[in-house]
Amino acid sequence: METAGGTAGPGRTRRSYDSSRRRAMAEDTRSAVFAAGADLFATRGWAGTGMRDVARAAGVSVETVYATAGNKSDLLLRVIDIGIVGDDEPVPLADRPEFLAMGQGNRAARLAAVGRQITASNQRIAALNRTLAQAAAGDANLADRLRASQRTQRAAYRDGLRLVLGRTPAADLVDGVWALGSHDVYLQLVELAGWTPRKYERWIVQRFEQLLAHLPEEKS
């Protein structure tokens, strides 16, 4: 039987189901493309990663990769954005529980949250940032995007330090913690020196404790 709109009830239900299934498949495709891009850019670098490689790793066509992510530069920038926060959800880093934890509890608890946040972020994007620096050497647009990314990362360190201290930090202190948490230092210690991420995390917390030792303890 048809409804007043001339469409059979079962047919409408079937189309709704098909639409939901298509959306789920499209999301799976997006996730596969971004995951493949992140892995290849991190392990092979800029020159060693082609869009066909991404398509092959994601199990989709090259056309699908372009339709999903844009060009190669777009894909790299997108996977870095995803890596900064850890997922593809439209929630800013500053609003996420793991970031806000840097302003909760006593100083030891806050610095433990700092260590977790910086370590997790570098695990996701340190190698991707290195790839962006490689790509930026030969691309003026990516060079601009690299500088913008660096400014954004410094601002995140400033905002995190403001949470830890409960007040606006001095610029020199921001620069110091930004340097300590940089992807260059992380890669040097973890990739070259062979540290585990857990050892790096403990080291970051200890260095922050030293930097903040002369400042009064913030109130819980």
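The preceding data block contains the structure.
Now for a description of the structure that goes with this document. Here the structure is a predicted model, which means the values were calculated and not measured. (Residues numbered from 1 in each chain as written. Predicted model: local features only at pLDDT ≥ 70, side-chain atom pairs only at ≥ 80, totals over all residues. Heavy atoms only, no water.)

1. Brief notes about the packing of aromatic side chains
The description of two aromatic rings rests on the distance between their centres and on the angle between their planes.
Here is step 1: In total, this model carries 4 aromatic pairs according to the counting rule given.
Here is step 2: Measuring from centroid to centroid gives 6.2 Å for Y200 and W203, while their planes differ by 35 degrees, and the two rings are tilted. In this pair, Y200 and W203 both sit in helix α10 (residues 197-212), 3 residues apart, roughly one turn of the helix. Accessibility classification places Y200 together with W203 in one group, the buried group.
Here is step 3: Members of the aromatic cluster, each reached through a chain of ring pairs, are Y186, W195, Y200 and W203.
Here is step 4: Directly above the aromatic system of W46 lies the positively charged group of K72, at a separation of 4.2 Å from the ring centroid.
Here is step 5: Looking at R78, its charged tip hangs above the ring of F34, at a distance of 5.9 Å from the centre. (Phe/Tyr/Trp six-rings, centres within 6.5 Å; stacked < 30°, edge-to-face > 60°. Helix = DSSP H or I, 4+ residues; strand = E, 2+ residues; numbered from the N terminus. Buried < 20%, exposed > 50% of the residue type's maximum accessible area, 1.4 Å probe, protein only. Lys NZ or Arg CZ within 6 Å of the ring centre and 35° of its normal.)

2. Things to note about the layout of surface pockets
Here is step 1: Quantified by volume, the largest pocket comes out at close to 950 Å³.
Here is step 2: Of all the elements in the fold, those that place two or more residues in the lining of the largest pocket are α4 (72-85), α6 (107-136), α7 (140-165), α8 (171-180) and α9 (183-192).
Here is step 3: If one sorts the elements of the lining of the largest pocket by residue count, α7 sits on top with 14 residues.
Here is step 4: Per-class residue counts for the lining of the largest pocket are 27 nonpolar, 12 polar and 8 charged.
Here is step 5: Lining the second largest pocket are 14 residues, and of these F34, A35, A38, I82 and G83 sit closest to its centre.
Here is step 6: For the lining of the second largest pocket, the elements supplying multiple residues, two or more each, are α1 (9-44), α4 and α6.
Here is step 7: The element best represented in the lining of the second largest pocket is α1, accounting for 6 residues.
Here is step 8: Split into classes, the residues belonging to the lining of the second largest pocket amount to 6 nonpolar, 3 polar and 5 charged. (1 Å grid on protein atoms, 1.4 Å probe; cavity = no way out; pocket = protein on both sides within 12 Å on 5 of 7 lines; lining within 4 Å. Points joined across faces, edges and corners; volume = space filled by probe spheres on them. Nonpolar A, V, L, I, M, F, W, Y, C, P; charged D, E, K, R; others polar.)

3. Structural notes on the packing of α6 against α7
Here is step 1: Closest axis-to-axis distance for the α6/α7 pair is 12 Å, and the angle between their directions is 175 degrees. When the axes of α6 and α7 are compared, the pair comes out roughly antiparallel. Packed against α6, whose contacting residues are R107, R110, L111, V114, I118, N129, L132, A133, A135 and A136, the element α7 presents L142, A143, L146, S149, Q153, Y157, L163, V164 and L165 at the interface.
Here is step 2: Its residues assigned to classes, the contact of α6 with α7 comprises 14 nonpolar, 3 polar and 2 charged. (Axes fitted to C-alpha atoms, helices over the stretch in contact; angles between N-to-C directions. Parallel < 35°, antiparallel > 145°, perpendicular 65-115°, else oblique. Contact = heavy atoms within 4.5 Å.)

4. Observations regarding the pattern of salt bridges
Here is step 1: Inspection of every chain in the model, using the stated rule, returns 12 salt bridges.
Here is step 2: Between D144 and R147 there is a salt bridge, and its shortest N-O distance comes to 2.3 Å. Placement of the pair is D144 and R147 together in helix α7, with a separation of 3 residues, close to one helical turn.
Here is step 3: Where D159 meets R158, a salt bridge forms, and the shortest distance between an N and an O atom there is 3.1 Å.
Here is step 4: By relative accessible area, D159 is classed as partly exposed at 24%.
Here is step 5: Each of E27, R30, R78 and D88 takes part in a single network of salt bridges with overlapping partners. (Salt bridge = Lys/Arg side-chain N within 4 Å of Asp/Glu carboxyl O.)

5. A closer look at the nonpolar core
Here is step 1: If you look at the biggest cluster of nonpolar residues, it comprises 29 residues, and the most contacted ones within it are Y200 and F208.
Here is step 2: If one sorts the elements of this core by residue count, α10 sits on top with 6 residues.
Here is step 3: Apart from the residues lying within four places of it in its own chain, the contact partners of Y200 are I118, T119, N122, L180, G181, Y186, L189, V190 and W195. (Core = buried A, V, L, I, M, F, W, Y, C linked by side-chain atoms within 4.5 Å.)

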